[in-house]
Amino acid sequence: MSKVKHTKSNPRDVNRRQFLASTAKAGCVMGLVGLGITATATQSRQLDPLAIRPPGALGEDDFLSACVRCGLCVEACPYDTLKLARWFDGAATGTPYFTARSIPCEMCEDIPCVKVCPSGSLDHGLEDIEEAKMGIAVLIDEKNCLNFKGLRCDVCYRVCPLIDDAITLERQHNQRSDHHAMFLPTVNSDTCTGCGKCEHVCVLEESAIRILPAHIALGKTAEHDTYINTEETTLEMLNKGLSL
Amino acid sequence: MTKSTVKKEAITDAMNESSNTGFAQAAIDELGWWRAHKFLFLRRASQLSVLTLFAIGPWFGLWLLKGNLSSSELLGTVPLSDPLVTLQVLMTGHIPELTLLLGALFITVFYVIAGGRVFCSWVCPVNLVTDSASWLRRKLNLPRLGEMPRNLRYYLLGLVIVLPLLTGITVWEWVNPVPILYRAVLFGAGSGLWILLAIFQLDLFISERGWCGHLCPTGAMFALFGKLSPVKVSAVNAKACDNCMDCFDVCPERQVLKPALKGKQMMITDSDCTQCGRCIDVCAQRVFQYQNRIALKAENNQ
């Protein structure tokens, strides 16, 4: 007994060989586990194109870095718009999203979902809800849209919180009757917030207008294109040989 | 009396006991049913109260505590957040709002004082799952298979912290069972519950106390927090121990018991101890007690 005390040996002490062996083993196990859960995570990180993030959400990659999945935004939403994704839901599990066709964003002026977000995955810099960019409405099916048939449905236009700005009706000659006019709902992608009220309200069985993520909805001119910003390019700027 | 005869007697005692009565019958006879289940009952009450405080918000519109264990807001003002998820967010390179950092600080300070793994036994909802697996395992008398090393959880904790650095996303939050259980209750997001089912089966059939006692990185983090906490379980009456092994059977971290019962130091200072107090419950000899080591030290100095 006394010998044991003198050497201060403890059943939990390990020698170097044991230490290296167990570290190597645990390292391998953890490497495999890490690969496994990373694979699971990256598999299901793809956002369904019809799942829309709350207003002020960072880009999807940054959003997944920041969001702690606490559900405070969901609880702050007065219209039950936001949901936390479940497994197999089309958004990373536990993260907030909404489906415009079910319940769209009502664009609260005080933006409670953003205010309550502790992680900053919803950007607190967003102070005016009309500056939000949750997605872009795209009139995706002109063939079935009633206005494109020459009818005056106009529902998406009328319900738009930014009527005559984010959605306008563009008058056009009706070629079919050669007599009437057509009023074509047209989205201004600069001002559309992606709230989804148009998609929600479309009278068709499947909505002809849909909110898509900006990276799917928008084209992009090439970097070298000098006409990239024609509206703001002045003659003076061109004369100076400004590189745009 | 030789060691082997003592052991034999203990074994026959235990066999007699288990053949005619239930588990920890000696303690129930000696202390009464209530005192032999006191801390178990208090713990369940504590775990369910925390869950209820969160749940009455979305269920009944009574907003005392918003959010979930990952991050929450007490009475609309005090932020609280899980230090592990906060650390993961920081490791991705994202700088969160101050509220998240403050919340993590509050929780860290609270558990450093209250005793780290108090979270595991008194708050964490997964404890309900693993305790029931352990209970069923005892009922069914399932054999103990090979045991995983207990320090795997520290490696897993390291992994959970390093992965966000490598991938840029908070990978662990996809599978972390603690918020998954809370989200299932609060937001009806039940499809992640398969992970809890997997943990239940792991604990029941494969490795006794496999999740909470060997793998859980959240528990590992809280164990690190609990190194210095004042209140600990102590085998104050270790001399009275009659080797009935009831505490050993019920303890989720049984390796911490032996040094206290047979060693020099009566206090269980190993931070793996979840301070669940179940050993106090099941001991007919009243061996264990909660003790405040700082108060004790002050007393000794006087």
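Basis of the calculations
- Residues numbered from 1 in each chain as written.
- Chains lettered and ligands numbered in written order.
- Predicted model: local features only at pLDDT ≥ 70, side-chain atom pairs only at ≥ 80, totals over all residues.
- Helix = DSSP H or I, 4+ residues; strand = E, 2+ residues; numbered from the N terminus.
- Contact = placed C-beta atoms within 7 Å.
- Expected span 1.5 Å × (residues − 1).
- Buried ≥ 20, exposed ≤ 12 C-beta atoms within 10 Å, placed from the backbone.
- Arc of directions from axis to C-beta.
- Domains from an automatic or database assignment.
- Nonpolar A, V, L, I, M, F, W, Y, C, P; charged D, E, K, R; others polar.
- UniProt positions renumbered as here; feature names shortened; annotations may be inferred.
- Axes fitted to C-alpha atoms, helices over the stretch in contact; angles between N-to-C directions.
- Parallel < 35°, antiparallel > 145°, perpendicular 65-115°, else oblique.
- pLDDT = per-residue confidence, 0-100.
- Pairing = 2+ DSSP bridges.

In the annotation of an unreviewed UniProt entry, the entry for chain B reads Quinol dehydrogenase ferredoxin subunit NapH, and the organism field reads Shewanella canadensis.

You'll find chain A entered in an unreviewed UniProt entry as Ferredoxin-type protein NapG, with Shewanella canadensis given as the organism.

A. A look at the overall build of chain A. When you go through chain A residue by residue, the secondary structure sums to 9 helices and 6 strands. Residue pairs at least 24 apart in sequence account for 66% of intrachain contacts in chain A once pairs closer than 6 positions are excluded.

B. Layout of the interface of chain A and chain B. Taken together, the contact pairs 35 residues of chain A with 43 residues of chain B. Elements with a minimum of two residues in the side of chain A that touches chain B: helix 2 (16-43), helix 3 (60-66) and helix 4 (72-76) of chain A.

C. Spotlight on helix 10 (residues 194-206) of chain B. Residues and elements named next belong to chain B. When the terminal C-alpha atoms of helix 10 are compared, their 17 Å separation across 13 residues agrees well with the 18 Å that a helix rising 1.5 Å per residue should span. Taken together, the buried positions of helix 10 are occupied by Leu196, Ile199 and Asp203. The arc enclosing the buried residues of helix 10, seen along the axis, measures out at 55°, which places them on a common side. What points out from helix 10, more than 90 degrees from its buried face, is the exposed set Trp194, Leu197, Gln201 and Ile206.

D. Representation of the domain arrangement of chain A. Residue and element names in this part refer to chain A. Per the domain assignment, the segments of chain A are domain 1 (45-131) and domain 2 (135-219). The partner domain 2 presents 15 residues to the 8 residues of domain 1 that form the contact. The residue inventory of the side of domain 1 that touches domain 2, partitioned by class, reads 6 nonpolar, no polar and 2 charged.

E. Summary view of the environment of threonine 93 of chain A. Among the structural elements, threonine 93 of chain A can be located in the loop between strand 1 (83-84) and strand 2 (96-97). Sequence-wise, threonine 93 of chain A and aspartate 123 of chain A are 30 residues apart; in three dimensions their C-alpha atoms are separated by 20 Å. Once residues within four sequence positions are removed from consideration, threonine 93 of chain A is found in contact with Ser44, Ala85, Arg86 and Trp87 of chain A together with Trp174 and Gly192 of chain B.

F. Inspection of the UniProt feature "transmembrane region" (unreviewed entry) in chain B at higher detail. Here, UniProt's "transmembrane region" (unreviewed entry) annotation points to residues 45-65, 85-113, 154-174 and 180-200 of chain B. With 79% helix and 0% strand, the stretch residues 85-113 of chain B has end C-alpha atoms that lie 20 Å from each other.

G. Broad picture of the packing of helix 8 (residues 152-167) of chain B against helix 12 (residues 217-225) of chain B. All names here are of chain B. Between helix 8 and helix 12, the shortest axis-to-axis distance is 8 Å and the interhelical angle comes to 100°. Accordingly, the angle class assigned to the pair helix 8 and helix 12 is roughly perpendicular. Seen from helix 8, the contacting residues are Arg153, Tyr154, Leu156, Leu157 and Val160; seen from helix 12, they are Pro217, Gly219, Ala220 and Met221. A breakdown of the residues in the contact of helix 8 with helix 12 according to their chemical character gives 7 nonpolar, 1 polar and 1 charged.

H. Summary view of helix 4 (residues 83-91) of chain B. Every buried residue belonging to helix 4 of chain B is among Leu84, Val85, Thr86, Gln88 and Val89 of chain B, and all of these are buried. Its buried side turned inward, helix 4 of chain B meets helix 3 of chain A together with strand 3 (78-81), helix 5 (98-114), helix 8 and helix 12 of chain B. Residue glycine 93 of chain B follows helix 4 of chain B closely and has a positive phi angle near 100°.

I. Main features of the confidence of the model for chain A. Residues and elements named next belong to chain A. Scored by pLDDT, chain A has a mean of 84; 88% of the residues are at 70 or more. Mean pLDDT across the elements of chain A bottoms out in helix 1 (residues 2-7) (45) and peaks in helix 7 (residues 197-201) (94). Segment residues 1-7: pLDDT under 50, and 1 contact once partners within four positions in sequence are set aside and those in other chains are kept.

J. Just the sheet that holds strand 2 (residues 71-74) of chain B, in detail. All names here are of chain B. Strands sit in the order 1-2-3 across an open sheet of 3 strands; the sheet is antiparallel. Each edge of the open sheet is held by one strand with a lone partner, namely strand 1 (65-68) and strand 3. In this sheet, neighbouring strand axes are inclined to one another by 15° on average, regardless of whether the strands run parallel or antiparallel. Where strand 2 lies against strand 3, 4 bridges are found, and the strand directions are antiparallel. Pairing of leucine 74 across the sheet is with valine 78, part of strand 3. Each of strand 2 and strand 3 is contacted by helix 5, which is oriented at about 75° to strand 3, the strand it contacts most.

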